Amino acid sequence: MTAQSSLPQRGVLRSFLPGRGVLRSEWIKLRSVRSTYLSVLFATLVAVVLGVLATSSDASNWATMTAQDKAQFDPLGDSFIGLIFGELAFGVLGVLAISTEYRTGMIRATFSAVPQRGRVYAAKALVVGVVSLVLGMLLVFGSFFLGQAMLSSKHLEVHLGDPGVLRVVLSAGLYLFVVTMIGFGLGAILRHSAGAIAALVAMLWLAYPIGRVLDHLSYLPSRILLFNIADAITRTHAATGKPALRIPSLELAYSSLALYLVVFLALGAWRISRDA
Amino acid sequence: MIEVHELTKRYGPVKAVDRLSFAIRPGQVTGFLGPNGAGKSTTMRTILGLDTPTSGRTLVNGVAYRTIDKPLRVVGSLLDAGAVHGGRSARSHLECLAVTNDLPRSRVGKVLEQTGLSGVARKRVRGFSLGMRQRLGIAVALLGDPPILMFDEPVNGLDPEGIVWIRNLMKSLAAEGRTVFVSSHLMSEMALTADHLIVIGRGALIADTGMADFIQSSSLNDVLVRTPQSRYLADLLTAKGAQVIAAPDGGLAVTGLTTEAISQVAAANGVEVYELARRQASLEEAYMKLTDTSVQYRATDPGKRGRR
Amino acid sequence: MPEPVMMLRSGQASASAPPRRGGFLVTRGMLASEWIKLRSVRSTWLTLLCALLFVLAFGLFDTLSVTESWNTMSAADKASFDPLAEAFAGMQIGELAFGVLGVLAISVEYETGMIQTTFSAVPRRGKVFAAKAVVGGGVMLTAGLALAFVTFLGGQWMLSAKNLDVQLADPGVLRSVACTGLYLAVVGLIGYGLGALIRHTAGAISVMFAVIWLTYGATHAVEKWSYLPDRWLLVSAYQTLSRIHPQSGTSALRAPTTTMAFVELAIYLLVFLGLGAWRMSRDA
């Protein structure tokens, strides 16, 4: 391969391999913006407090609950009730990790320091991904243990060793990670905080009419909505009734989650290679 | 007329402006000088009512800015040329400001023409160069045809032609009897434009004086004398009460005597003189000398570090 | 050149503090200015267009799916069928768009620094806030009502094929449609208040979304103690105001009365606009 042609054609993988310097630079960028970790911290607090509130209300009202309510009682679901705030904060973190660079024009400085845009993108994705995965796991395990401690007064708690419990807790953390990366991809695609956040929240929470519209043809569209995927992978009891039809199987849920991850990251990578 | 009385502005523990008082008179261009972080922008923002002073007050035409009913007709200002919504056209930007002060729409066309932006009036500001944005900011300042104008670093990003244009504009505005108050860090530019100077450092007033007086009073004004008998002449001049410093190249830097007096002393004593020249400090030198102790952020000069 | 305004009134000399006189009274010029600002930015129209397209598309498709499966639907499903709810299925996307519009109306001015120029033209900040709220609220109310009526007419036109449609004159229908438009404007104004409070687009949109859509997580957490917090959610207020058939079961417990729903909308408006106005009067 000649020197001239090597720039654009060099192995696609290699052009996405970030060096340690780029990684460190992205880590400093993420760490040094106070609003990012403050918002994540705040959302974490809200999520944990709500989980504690829900589980302690379960425990204190257990004696007076109807048999039907007791049958529907989900010890994990209630300790994770506040995770929606976590999802929002994590998703916004992902968006801002990249969109603010475009808004401030910082991206030009970044690209002139590291002209291989694929590497910048990969470094950013790696740093944001690892941070969100670590924080996400901390959040879900924290919520889990606190929630179960509340329930233990009435001996309603579950343990990590119980069937499916560890998988559900891990999946909740994984979901936070995927939401962050979808936000990150959207930020790279739209380059605009407001648009990307609006698109993200619409996808996460407001997209269910799309599924409902097509339900009489097929439940597949409903099943691959993020909302229902999250439901499937964080549930310990099987759902009943009509909603159950919209909830995907575990295999479908995990593979669509992986698909979301790949599609949004790839679209973002394609877009970032276009002119800034 | 702009008046600043005992103005103090504190941001937490930092005093950005410290008991600053001055008055800007109409009919001349007043330059506002000071190192970065000296409090120039804070003072201007306070005059415009954008920042509330910790103590003291600022008045334009005798009243506080925030009490003026149609302020664009009284004070025109340019603070930050970048402070424009990128998605809006230059014309819409000016229109939405004009209507708040009940200015006729015809003013918009007029200032666009005056600033040379008529051709791009309908273009979105996002695509403007820094110089074009600067012109748009000046157009906003001129919108209300105000008797008082205030510009913060107006020549930033302008090309040489633009710099000449703004210089002439400011001079003509002052000649029409308006008050023109302009801050800049470009000394050479200020020397060509301003008639009067306000110099501040660390938020406090250092000088409030005419441009000529400011340069004249600098200790850097001296007379250069070159002679083969430099030691002899130095003694003679010192005896007459002058201060003489030997320059490294063999010349003498004399202060305290005029060129005429030095020439008489030399002639009376038969001293041969090769060169006799009055040296006047530039505004930049005078300014550097004056603000030497009040610079807040100083780049360390590696060559001088050892000698300090 | 206008004559210099010399107002050497002794009483005003010490008025470096913001004056209280005529705090929120706005002039026609200020309203015109805000209208120009809103109109001259492409994202305003794009956002409204997005809202219209999504709401109409979702509403029509959802209605279509009902008419197509009507003959095979169970009696229970038929009983719970609400002809308006189907047409308004995509309304949440519309609400999101309106909220974002409200946030952008002010947050962008802070982010670009344009707010300083605005304040130097109109130094009384209360008036700037009020003028923006009046123009923004007016535009969003008009657009919201138009959106609600268009969506309603479209939905009913599709339902008329199966004679399932309702008319505006039917009990509760006009109120439901009008309240949908009103609700869109309220969401937009809450966004506006949050934009002025937070001065940061991303932050304000996130908080707006959390306040409107995610708070159910908080109220459901305490449901076993009380349904009162549920009833104070904006979405519950909208449910009450927009449904023709009253809800049943748990949903009914979460719904406020009609009067309460109106009171809640007013209080939400007051609180968020009040917070925004308070913050805007602070230094930019």
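Along every chain, residues carry numbers that run from 1 in the direction the sequence is written. Whichever chain is written first becomes A and whichever ligand is written first becomes 1, with later ones labelled in order. In keeping with the model being predicted, local features are shown solely for residues with a pLDDT of at least 70 and side-chain atom pairs are shown and tallied solely at 80 or more, while totals for entire chains, interfaces and linings include all residues.

Asker: Provide a residue-level description of the overall build of chain B, including the pertinent values.
Answerer: For chain B, the count of helices and strands is 10 helices and 13 strands. If you line up chain B on its principal axes, its C-alpha atoms span 75 × 45 × 40 Å. Across the 308 residues in chain B, those meeting the buried criterion constitute 44%. Sequence separation of 24 or more characterises 69% of the internal contacts of chain B that already satisfy a separation of 6 or more. Segments assigned H or I by DSSP are reported as helices when at least four residues long, segments assigned E as strands when at least two residues long, and all are numbered from the N terminus. Working definition of burial: number of other C-beta atoms within 10 Å of the residue's own, with buried at 20 or more, exposed at 12 or fewer, and partly exposed in between, all C-beta atoms being placed from the backbone. Residue pairs are scored as contacts if the distance between their C-beta atoms, which are placed from the backbone, is within 7 Å.

Asker: Talk me through the interface of chain C and chain A; I want residue IDs and the actual numbers.
Answerer: How big an interface is tends to be stated in terms of the accessible area lost upon association of its parts. Between chain C and chain A, the residue contacts involve 29 residues of the former and 27 residues of the latter. Elements with a contribution of two residues or more to the side of chain C that touches chain A: helix 2 (42-69), helix 5 (91-112) and helix 9 (201-221) of chain C. By residue number, the principal contributor to the side of chain C that touches chain A is helix 9 of chain C, which donates 13 residues.

Asker: Any chance you could break down the confidence of the model for chain A for me, citing the residues and the numbers?
Answerer: All names here are of chain A. Across chain A, pLDDT averages 83, with 93% of residues at or above 70. Least confident of the elements in chain A is helix 1 (residues 3-9), whose mean pLDDT is 44; most confident is helix 9 (residues 165-190), at 94. Confidence over residues 1-9 falls short of pLDDT 50; this stretch has 1 contact with residues more than four positions distant or in other chains. Confidence scores per residue from the predictor, reported as pLDDT, run from 0 to 100.

Asker: Tell me what's going on with the domain arrangement of chain B, and back it up with residues and numbers.
Answerer: Residues and elements named next belong to chain B. Each domain of chain B was delimited in the assignment, giving domain 1 (2-216) and domain 2 (221-283). Note that the domain bounds were set by an automatic or database domain assignment. On a C-alpha basis, the centres of domain 1 and domain 2 stand 44 Å from each other. Taken residue by residue, the interface counts 5 residues in domain 1 and 5 residues in domain 2. Put simply, the parts of the chain that give the side of domain 1 that touches domain 2 at least two residues each are helix 6 (187-193) and helix 7 (211-216).

Asker: Kindly report on the pairing of strand 3 (residues 29-33) of chain B, identifying the contributing residues and their values.
Answerer: Residue and element names in this part refer to chain B. Of all 5 residues in strand 3, 5 are buried; the element is thus mostly enclosed. Of the two faces of strand 3, the one holding Val 29, Gly 31 and Leu 33 and the one holding Thr 30 and Phe 32 are both buried throughout. Bridge analysis of strand 3 against strand 7 (residues 179-183) gives 4 bridges, and the strand direction is parallel. Counterpart to Val 29 in the pairing with strand 7 is Val 180. When DSSP finds at least two bridges between two strands, those strands are taken to pair.

Asker: So what's going on with the UniProt feature "transmembrane region" (unreviewed entry) in chain A? Which residues, and what values?
Answerer: UniProt positions are given in the numbering used here, feature names are shortened, and annotations may be inferred rather than shown by experiment. The UniProt record annotates "transmembrane region" (unreviewed entry) at residues 37-56, 80-100, 121-145, 165-186, 193-211 and 252-270 of chain A. As annotated, residues 37-56 of chain A comprises 100% helix and 0% strand, and the C-alpha atoms at either end are separated by 28 Å.

Asker: Can you explain the sheet that holds strand 11 (residues 243-246) of chain B? Please cite residues and give values.
Answerer: Residues and elements named next belong to chain B. Pairing is antiparallel across the open sheet formed by 4 strands, whose spatial order is 11-12-10-13. If you trace the sheet from one side to the other, it starts and ends with strand 11 and strand 13 (275-279), each paired once. In this sheet, adjacent strand axes meet at a mean angle of 25° when their direction is disregarded. Of the pairings in the sheet, the one linking strand 11 to strand 12 (residues 252-255) comprises 4 bridges and is antiparallel in character. From the neighbouring strand, Gln 243 faces strand 12, where its bridge partner is Thr 255. On top of the sheet, helix 8 (residues 230-239) reaches strand 10 (222-226), strand 11 and strand 12; it is set at about 160° to strand 11, its chief contact. An axis is simply a line fitted to the C-alpha atoms; with a helix, the fit covers only the stretch in contact. Between two such axes, the angle follows the N-to-C directions and lies from 0 to 180 degrees.

Asker: Requested: an account of the interface of chain C and chain B, with residues and values cited.
Answerer: Taken together, the contact pairs 38 residues of chain C with 42 residues of chain B. Elements that contribute at least two residues to the side of chain C that touches chain B include exactly helix 1 (28-39), helix 2, helix 5 and helix 6 (114-121) of chain C. Looking at the side of chain C that touches chain B, its residues break down into 22 nonpolar, 12 polar and 4 charged. Side-chain classes are defined by residue name, with Ala, Val, Leu, Ile, Met, Phe, Trp, Tyr, Cys and Pro counting as nonpolar, Asp, Glu, Lys and Arg as charged, and the others, Gly among them, as polar.

Asker: Mind laying out the arrangement of the chains, listing which residues take part and the relevant values?
Answerer: Sorting the 2 pairs of chains in contact by contact count puts chains B and C at the top. These two, chain A and chain B, are apart from each other, with no contact and a minimum C-alpha gap of 11 Å.

Asker: I'd like to hear about the sheet that holds strand 1 (residues 2-11) of chain B, residue by residue, with values.
Answerer: Residues and elements named next belong to chain B. The sheet built from 3 strands is open, its strands ordered 2-1-4 with antiparallel pairing. Single-partner strands in this sheet number two, and they are strand 2 (14-24) and strand 4 (55-60). For this sheet, the mean inter-axis angle between neighbouring strands, taken without regard to orientation, is 20°. Pairing between strand 1 and strand 4: 5 bridges, direction antiparallel. From the neighbouring strand, His 5 faces strand 4, where its bridge partner is Arg 57. The strands that helix 1 (residues 40-47) touches are strand 1, strand 2 and strand 4; relative to strand 1, the one it contacts most, it runs at about 115°.

Asker: Talk me through the packing of helix 3 (residues 34-61) of chain A against helix 9 of chain C; I want residue IDs and the actual numbers.
Answerer: Close contact between helix 3 of chain A and helix 9 of chain C brings their axes to 10 Å; oriented N to C, the two are set at 15°. It follows from the interaxial angle that helix 3 of chain A and helix 9 of chain C lie roughly parallel. Where helix 3 of chain A crosses over helix 9 of chain C, the handedness of that crossing is right-handed. Contact with helix 3 of chain A, carried on its side by A:Ser35, A:Leu50, A:Leu53, A:Ala54 and A:Ser57, involves C:Gly203, C:Gly217, C:Ala218 and C:Ala221 of helix 9 of chain C and no other residues of that element. Roughly parallel means an angle under 35 degrees; roughly antiparallel means over 145; roughly perpendicular covers 65 to 115; every other angle is labelled oblique. If you view the pair so one helix is near and one far, a crossing is left-handed when the near helix is turned anticlockwise from the far one by less than a right angle, and right-handed when it is turned clockwise.

Asker: Just give me the short version of unusual backbone geometry, but keep the residues and values in it.
Answerer: Residues and elements named next belong to chain B. One non-glycine residue, Glu 6, adopts positive backbone phi at about 50°. Of note, Glu 6 is situated in strand 1. Using a count of 12 C-beta atoms within 10 Å as the deciding quantity, one classes Glu 6 as exposed. Residues other than glycine seldom take positive phi values, yet Asn 61 does so here, at roughly 50°. Note on placement: Asn 61 falls in the loop between strand 4 and strand 5 (75-78). Accessibility expressed as a C-beta count within 10 Å gives 20 for Asn 61, which makes it buried.

Asker: Describe the confidence of the model for chain B, with residues and values.
Answerer: Detailed reading of the predicted coordinates is not advisable wherever pLDDT is low. Residue and element names in this part refer to chain B. For chain B, the mean per-residue pLDDT works out to 87, and 94% of the residues sit at or above 70. Contacts for the low-pLDDT stretch residues 301-308, under 50 throughout, to residues beyond four places or in other chains number 1 contact. Interface confidence for the predicted complex, given as ipTM, is 0.80, next to a pTM of 0.83.

Asker: Go over the nonpolar core with me, naming the residues and quoting the values.
Answerer: To define a nonpolar core, we join buried Ala, Val, Leu, Ile, Met, Phe, Trp, Tyr and Cys residues through C-beta atoms within 7 Å and take the resulting set. One finds A:Leu88, A:Ile197, B:Leu94, B:Leu136, B:Ala139, B:Leu143 and C:Ile205 to be the most contacted residues of the largest nonpolar core, which totals 237 residues. Looking at this core element by element, the count peaks at 16 residues for helix 9 of chain A. With residues near it in sequence (within four places) discarded, B:Leu136 still touches B:Ala81, B:Val84, B:Ala90, B:His93, B:Leu117, B:Val125 and B:Phe128. B:Val225, B:Leu237, B:Ala242 and B:Val254 belong to the second largest nonpolar core, which has 11 residues in total.

Asker: Account for the environment of C:Ala255, naming residues and giving values.
Answerer: Residues and elements named next belong to chain C. Looking at the secondary structure, you find Ala 255 in the loop between helix 12 (249-254) and helix 13 (258-280). What makes Ala 255 buried here is the crowd of 22 C-beta atoms within 10 Å. Taking the C-alpha atoms as reference points, Ala 255 and Thr 240, separated by 15 residues in sequence, lie 6.0 Å from one another. For Ala 255, the residues in contact, after removing those within four places along its chain, are Arg 231, Ser 236, Gln 239, Thr 240 and Gln 247.

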